[in-house]
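Each chain, letter by letter, is given below.
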Amino acid sequence: MFRTPLTLFRTLAIAEAVSWTLLIAGLILRATLGLDIATTIGGSIHGFVFLSYGATAILVAKNNRWAPGPTAVAVISAVIPYATIPVEIWLNRTGRLNGQWRLEETGDPRERAWHDRLLRALLRRPLLFGLALLAAVIVAFTVLLIIGPPGGR
């Protein structure tokens, strides 16, 4: 399904925008109808997708060798409602989402670093890598739930 960095990044960028809609709808329902559960549901979905998008942005940035600037813009865009969509469009138009997953070493000397070798090894096992990323996001999400919501209760 996610055969290229573009398809994975685009999917998560759209999902992040949808999750903002769910969070905002939950806030409106809480404010107008007193439905606190709406914020809990919308906020939980948004939080999980937010973390997933951040992990995806870093993964694609590493795979496609983005400079720190575009990487920071991609990650920070999740904090601004709906900003992931124009950022995805910008990254795509500038060619930063082009290409395939880097599964094999080329002659590029940058590919000899330990983290590049690790990335290639993980990318060669997409199901295992996807499950490991999912587990990492679940752990981060759980820890953040234990810490509590932004601004306290």
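Look up a bit, the structure's there.
Rules behind the numbers
- Residues numbered from 1 in each chain as written.
- Predicted model: local features only at pLDDT ≥ 70, side-chain atom pairs only at ≥ 80, totals over all residues.
- Heavy atoms only, no water.
- Salt bridge = Lys/Arg side-chain N within 4 Å of Asp/Glu carboxyl O.
- Helix = DSSP H or I, 4+ residues; strand = E, 2+ residues; numbered from the N terminus.
- Buried < 20%, exposed > 50% of the residue type's maximum accessible area, 1.4 Å probe, protein only.
- Expected span 1.5 Å × (residues − 1).
- Arc of directions from axis to C-beta.
- Contact = heavy atoms within 4.5 Å.

Novice: How would you summarise the pattern of salt bridges if you had to cite specific residues and measurements?
Specialist: Side chains bearing opposite charge may pair, as long as their charged atoms lie close to each other. Taken as a whole and judged by the stated rule, the model has nine salt bridges. A salt bridge links R65 to E111, with the shortest nitrogen-to-oxygen separation between them at 2.9 Å. With R65 in the loop between α2 (36–64) and α3 (68–76) and E111 in the loop between α4 (84–93) and α5 (114–123), this pair connects stretches of sequence that are 46 residues apart. Of the residues examined, E111 reaches a relative accessible area of 2% and is grouped as buried. Residues R120 and E111 are paired through a salt bridge, measuring 3.9 Å at the closest nitrogen-oxygen approach. Looking at R120, the relative accessible area reads 3%, which means it is buried.

Novice: Could you give me a rundown of helix α6 (residues 126–147), with the residues and numbers involved?
Specialist: For α6, which comprises 22 residues, the first-to-last C-alpha distance of 31 Å matches the rise-based estimate of 32 Å (1.5 Å per residue) to within 8%. Taken together, the buried positions of α6 are F129, V137 and F141. For α6, the arc enclosing every buried residue in end-on projection is 105°, short of the 170-degree limit, so these residues lie on one face. α6 presents L127, L128, L131, V139 and I146 as exposed residues on the side facing more than 90 degrees away from its buried surface. On the buried face of α6, the contacting elements are α2 and α5. Just past α6, the residue G148 takes up positive phi, approximately 115°.

Note that every value here comes from positions in space, so none of it alone points to a role or purpose.
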